[in-house]
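Structural description and commentary
Next come the chains, spelled out residue by residue.
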Amino acid sequence: MTSRQQFLRKIVYLVIMAVLLGVLAYLGTPAAPSRDPQRSSPGGVLAQVREKEGLTPTQLGQLDPSGEAIKLATLGMRGVAVHILWMRAEDYKRRKDWTNLSAALEQMVKLEPHFVTVWRHQGWNLAFNVSVEFDDYRERFRWVIRGIKFLQEGIRYNEREPVLYGDVGWTYGWKIGMADESKQFRRLFMDPADPYEIHQGRPPKDNWLVGKDWYREAERLTDQGAILRTTPLIFYSHRPKFQMNYAEAIEKEGTFGETAMDAWKTGWYEFVNEFGHRELPSGYEDFPTIRLYERELLLQQARELAQQIDELAPGLREQLLAERRKELTPEEQKAYDTPAYDRTVRQVELALSAEIKMRLTHEQVARRITDSAKRKKALELARKAMELERRAQIVEHNRNIVNYDYWKRHAEVEQQPEAVAAREAMFQSLEAYHNNDHITAMELFLEAARRWQKVIEKNPDIQYDDGFVNDLSDITDRYMRIFDQLDEVFPEDFALQEIIRRRVKRRPEYQIAMEKVAAAQKAVQAGDLGQARSNLEEAFSQFHELTELVKSLKLLSDRQTINDMMHAINLYDAVMVKLGDVFPRNFVLADIIHIQCLHAPELVAIKRHTATANSILTVGVNPANLAKARAEFEQALPQAAALLKKFPHLARLSDRRTATEIAELDINYNRLLSTTGENLPVDYPLREFHEKVVPILEKEYSEPAQPETQPTSARSGSSPKT
């Protein structure tokens, strides 16, 4: 290469460099504000864009001189430095080195104060992950507050980031109000002394309301144009839900009356009239924005248009529906006609198929109109109606995401005096239980159940709401410990039986069990006893799983479901009689039989007389005592015969514990007769039990338990002991 070529190349390079520097200056020159307008400069294009969009450091939040110095010291490698510090922080947390963890977090946010992810992740880390590493709930609470303060520090540098405000609100609400230690956390949070410097000199306020205030501030920022880096639908639902969580919290702690009703009313208003009326993105291109409250309004407008179509051709829609109904199978017709809340698993599938076949659009009706002028008008009406229904469908989809219908109805019901009174009775019941006044606790719970029944009578639609049904069913499951402590069962007129029954009928375990029982009945009629036995054992397995899910069934909270189980047991007993066999040793529904036997007056009398006889014989075996003990035994024997008549499957050992008590009565009475040199009377009421059942029990309890032929899924629990 000649010297001239080298010179020309250098000139080209210099020109390119000058052009690039000019472009760089044009784009990246920083703004130079000054008090003198003539000397101030708006800077380059990027500086002007940052200024316009509010992205300059001074607009994002406060500046930290020490942080700026650290940035310069990293020589443009802040991302690498933050990554290293992040890894170190995770390592310090794993090693429980809390001092170095705090230092690493401090360095990290100094380097990248506007990196929102750092604040969000590490704030969550401190409040939710680090806090649980401590045994003392006070120390856990301290770290929760540190996590909140860390997020609040992040807001100082990112004042226009709504998600940070929301994270602070979420932590105040859920971590303090819903943690396992929420009772202790809420007490510390409301401490007037404020040792953790939470309220900054202001009177203590409920954590749910504090969290709600932070969400309100986040909403204010978004309304002013701040960018919301999360799903608006879910984000805006938090504030009114926090109000309802507050209402639930104060009721759990014993605040009722007007205060509780007002809390629920406020929650309903904010959820329906504020959140429900807010314009939100729908996620669909054809209707990009929606309001959640408008579904019913849209459907009403669509119905009015459909009525206008029907007026153009009276009876046409009914005729078309009748034609389609003829295409359904009998099973589909039955499923279609059955209310949704009463359908079995199979009927749900059939009903869906039927609904597809029965689906008739307004356009299809309009096209069947013979008059051309009316048809044209009907088609236009159909187009408008279908647009309204499409928009309503999009609204419903979004409502389902936030469970809008449940929360709306929940707040409507809970603000009623009857519901507040029911909650109060339940609270008083639990207080009596904790004070070891179990009888009062049981009476108050039954009163609460009666009050809930009044709520249902006033709002009959709520008994078809799965959320409401499950809530009351779960409450009954929790309160059954009161009955358990008193060795009682739910009374036959228990007010919430229908609610328990509704939950049971919706469970697939119950539906499968009933299908297996029906199949077993057909097998018995066909003479296939082996298949009948197999079907029933599968049904028992499903019934057993049901009692694990709806625990109050173990104490007979729903007598109709118990009757269904007993019907299956009686059918199984009839099969066992024909097969010459007895119930499996670990029969899974033995507890259901046993609890009924325990509360049968016959078994109560047997226990009383047997205990008295044994007590007499313990004093001494002499003619007088033998006569007294014999009299007690002979009063118990007819009761035992009556119990066997009431539960005939006991003779096939459906409940070995109860059968064992009858066997002990039989053995002790026979032993007494042997002592006096007598034989069993001719009219001995337990003769068949003595000859056929007692030997089986004696053999079983003298040998190790053998594996059953019953399927594993239908064999759980432990065998009874003498």
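Model, not experiment: these values are computed from the prediction.

Per the secondary structure count, the chain includes 32 helices and two strands. Out of the 722 residues in the chain, the part that is buried amounts to 44%. Of all intrachain contacts in the chain linking residues separated by at least 6 positions in sequence, the fraction that spans at least 24 positions is 69%. Just so you have it, the chain exposes about 38,100 Å², and 53% of that area is on carbon and sulfur atoms.

Packing of helix 23 (residues 466-485) against helix 24 (residues 497-506) leaves a shortest axis separation of 9 Å and a crossing angle of 115°. Judged on the interaxial angle alone, helix 24 and helix 23 are roughly perpendicular. In the crossing of helix 23 with helix 24, the sense of the turn from one axis to the other is left-handed. On the side of helix 23, the interface is formed by Asp466, Phe468, Val469, Asn470, Leu472, Ser473, Asp474, Thr476 and Asp477, while helix 24 contributes Ile499, Ile500, Arg502, Arg503 and Arg506. When grouped by side-chain class, the residues that make up the contact of helix 23 with helix 24 number five nonpolar, three polar and six charged.

Relative to the helices and strands, Glu270 is located in helix 13 (residues 257-275). By relative accessible area, which is 6% here, Glu270 ends up buried. The residues contacting Glu270, other than those within four sequence positions of it, are Lys212, Arg216, Arg239, Pro240, Gln243 and Phe275.

Time to look at the pattern of salt bridges. Pairing between side chains of opposite charge can happen when their charged atoms approach one another. For the coordinates displayed, the defined rule picks out 61 salt bridges. Residues Asp564 and Arg501 are paired through a salt bridge, measuring 3.0 Å at the closest nitrogen-oxygen approach. A residue pair is termed long-range when its members are at least 10 positions apart, and Asp564 in helix 27 (residues 559-579) and Arg501 in helix 24 qualify at 63 residues. With respect to class, Asp564 is no different from Arg501; both count as buried. Through salt bridges with shared partners, a single network forms among Lys212, Arg216, Glu219, Asp223, Arg239, Glu270, Glu274 and Arg278.

Okay, the nonpolar core next. When a protein is soluble and globular, its nonpolar side chains tend to lie buried together. Judged by nonpolar contacts, the single largest core of 96 residues is most densely connected at Trp452, Leu536, Phe540, Phe543, Leu589 and Leu686. When residues no more than four places from it in sequence are discounted, the contact partners of Phe540 are Ala568, Ile569, Tyr572, Phe587, Val588 and Leu589. Membership of the second largest hydrophobic core comes to 89 residues, among which are Trp119, Leu126, Leu164 and Val365.

Thresholds, definitions, all that
Residues numbered from 1 in each chain as written. Predicted model: local features only at pLDDT ≥ 70, side-chain atom pairs only at ≥ 80, totals over all residues. Heavy atoms only, no water. Helix = DSSP H or I, 4+ residues; strand = E, 2+ residues; numbered from the N terminus. Buried < 20%, exposed > 50% of the residue type's maximum accessible area, 1.4 Å probe, protein only. Contact = heavy atoms within 4.5 Å. Areas by Shrake-Rupley, 256 points an atom, 1.4 Å probe, with all protein chains shown as cover. Axes fitted to C-alpha atoms, helices over the stretch in contact; angles between N-to-C directions. Parallel < 35°, antiparallel > 145°, perpendicular 65-115°, else oblique. Left-handed = near helix turned anticlockwise from the far one by under 90°. Nonpolar A, V, L, I, M, F, W, Y, C, P; charged D, E, K, R; others polar. Salt bridge = Lys/Arg side-chain N within 4 Å of Asp/Glu carboxyl O. Core = buried A, V, L, I, M, F, W, Y, C linked by side-chain atoms within 4.5 Å.

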